[in-house]
Amino acid sequence: PRSAAAMFLDADSPLPAIYVVDPKDQSVYQITLSGAFRYRFRAADGAMFSGVTSVFVTGNTVYVAAGSVLYSFSLNDLTGG
């Protein structure tokens, strides 16, 4: 990440991770607890994540707040699970 505005620690997952919000890059990064990069999440439409401010993960669902909108997506889409 180029800048970090917020983080979320998902320690309850089978694959624990830290999620870092990067508003400059309009992305959310998933990093293993040992510090290895796993995924970079961006919206297909770059404007959707403009103003991204926070992230929350529960189970396999990731919630991303950007401006006054809350987006969600499933980690199962990445792993095929």
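Small disclaimer: the values here were computed from a predicted structure and weren't measured.

We now examine the nonpolar core. Grouped together as the largest cluster of nonpolar side chains are 16 residues, with contacts concentrated most on Tyr 19, Val 21, Val 28, Val 52, Val 55, Val 62 and Val 64. Contributing elements (two or more residues each) for this core: strand 1 (6-10), strand 2 (17-22), strand 5 (52-58) and strand 6 (61-66). Apart from the residues within four sequence positions on either side, Val 52 is in contact with Val 21, Asp 22, Pro 23, Gln 26, Ser 27, Val 28, Val 64, Ala 65 and Ala 66.

For the rest of this paragraph, the subject is the side chain of Thr 32. With respect to the element layout, Thr 32 can be found in strand 3 (residues 27-32). Of the residues examined, Thr 32 reaches a relative accessible area of 15% and is grouped as buried. Within polar-contact distance, the side chain of Thr 32 engages the side chain of Ser 34 at 3.0 Å. With near-sequence residues (within four places) excluded, Thr 32 lies in contact with Pro 16 and Arg 38.

One open sheet holds the four strands; their spatial order is 1-2-3-4, and the pairing between them is antiparallel. Unpaired on one side and paired on the other, strand 1 and strand 4 (37-41) mark the two borders of the sheet. Each adjacent strand pair in this sheet contributes to an overall mean axis angle of 20°, direction not counted.

Now for the environment of Phe 56. Assignment of secondary structure puts Phe 56 in strand 5. In sequence terms Phe 56 and Ala 6 are 50 residues apart; their C-alpha atoms lie 10.0 Å from each other. In this structure Phe 56 touches Phe 8, Thr 61, Val 62 and Tyr 63, once residues within four positions along its chain are discounted.

The rules we used
- Residues numbered from 1 in each chain as written.
- Predicted model: local features only at pLDDT ≥ 70, side-chain atom pairs only at ≥ 80, totals over all residues.
- Heavy atoms only, no water.
- Core = buried A, V, L, I, M, F, W, Y, C linked by side-chain atoms within 4.5 Å.
- Buried < 20%, exposed > 50% of the residue type's maximum accessible area, 1.4 Å probe, protein only.
- Helix = DSSP H or I, 4+ residues; strand = E, 2+ residues; numbered from the N terminus.
- Contact = heavy atoms within 4.5 Å.
- Polar contact = N/O pair within 3.5 Å; in protein donor to acceptor, adjacent residues only side chain to side chain.
- Pairing = 2+ DSSP bridges.
- Axes fitted to C-alpha atoms, helices over the stretch in contact; angles between N-to-C directions.

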